[in-house]
Amino acid sequence: MHLSLQDAAALLRDHPKPFIELFNGHGIAVELYAPKGRDPQQPHDRDELYVVTSGTGTFRNGETIADFEP
């Protein structure tokens, strides 16, 4: 399967939630996530990797704060 970031973003625009699952198999899930404003997520019980493709923000981990961008 081949899906460009632009195609995935178009699918997300019409989706009611701030994320869309693009792949799930072999113990790996790939999602496109685009929160609006404050990100309400809480820690998950699995490892996660985030790749920022657009926009900017601030990540807080306890007392550690880091700005991010693509």
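For the structure given in this document, a descriptive report is provided here. Given the structure is predicted, the values throughout are model-derived calculations rather than measurements.

**Section: the overall build of the protein**
Counting its regular elements, the protein contains one helix and four strands. Across the protein, helices and strands are ordered from the amino to the carboxyl terminus as α-β-β-β-β. Considering only C-alpha atoms, the protein reaches an extent of 40 × 25 × 20 Å along its principal axes. A buried classification covers 7% of the 70 residues belonging to the protein. Here the analysis covers contacts within the protein between residues at least 6 apart in sequence; of these, 5% occur between residues at least 24 apart. About 6,500 Å² of surface is accessible on the protein, with carbon and sulfur atoms providing 52% of the total. With 6 positive and 11 negative side-chain charges, the protein shows a spacing of 7 Å between the two charge centroids.

**Overview of the pairing of strand S1 (residues 19-25)**
Relative to strand S2 (residues 28-33), S1 runs antiparallel, the two sharing six bridges. For Glu21, the partnering residue across the bridge sits in S2 and is Glu31. Counting the residues between successive antiparallel strands, the hairpin from S1 to S2 contains two residues, one of them, His26, with a positive phi of roughly 55°.

**Side note on the pattern of salt bridges**
A complete count under the given rule lists one salt bridge for this structure. Put simply, Glu48 and Arg46 hold a salt bridge, and the shortest N to O gap is 4.0 Å. Of the residues examined, Glu48 reaches a relative accessible area of 38% and is grouped as partly exposed.

**A look at a nonpolar patch on the surface**
Residues Met1, Leu3, Leu11, Phe23, Ile28 and Val30 make up a contiguous nonpolar surface patch of about 590 Å² in total accessible area. Here Phe23 shows up in strand S1. Of the residues examined, Phe23 reaches a relative accessible area of 37% and is grouped as partly exposed.

**Comments concerning unusual backbone geometry**
Look at His26: it is not a glycine, yet its phi comes out positive at around 55°. Looking at the element boundaries, His26 is found in the loop between S1 and S2. Here His26 falls in the exposed class, since its relative accessible area comes to 82%.

**Regarding the environment of Glu63**
Structurally, Glu63 can be placed in the loop between strand S3 (57-61) and strand S4 (64-68). A sequence separation of 39 residues divides Glu63 from Asn24, and the C-alpha atoms of the two residues are 33 Å apart.

Conventions used here
- Residues numbered from 1 in each chain as written.
- Predicted model: local features only at pLDDT ≥ 70, side-chain atom pairs only at ≥ 80, totals over all residues.
- Heavy atoms only, no water.
- Helix = DSSP H or I, 4+ residues; strand = E, 2+ residues; numbered from the N terminus.
- Buried < 20%, exposed > 50% of the residue type's maximum accessible area, 1.4 Å probe, protein only.
- Contact = heavy atoms within 4.5 Å.
- Areas by Shrake-Rupley, 256 points an atom, 1.4 Å probe, with all protein chains shown as cover.
- Lys, Arg positive; Asp, Glu negative; His and termini not counted.
- Charge placed at Lys NZ, Arg CZ, Asp CG, Glu CD.
- Pairing = 2+ DSSP bridges.
- Salt bridge = Lys/Arg side-chain N within 4 Å of Asp/Glu carboxyl O.
- Patch = residues over 30% accessible without salt bridge, like charges linked within 9 Å, V, L, I, M, F, W, Y side chains within 5 Å.

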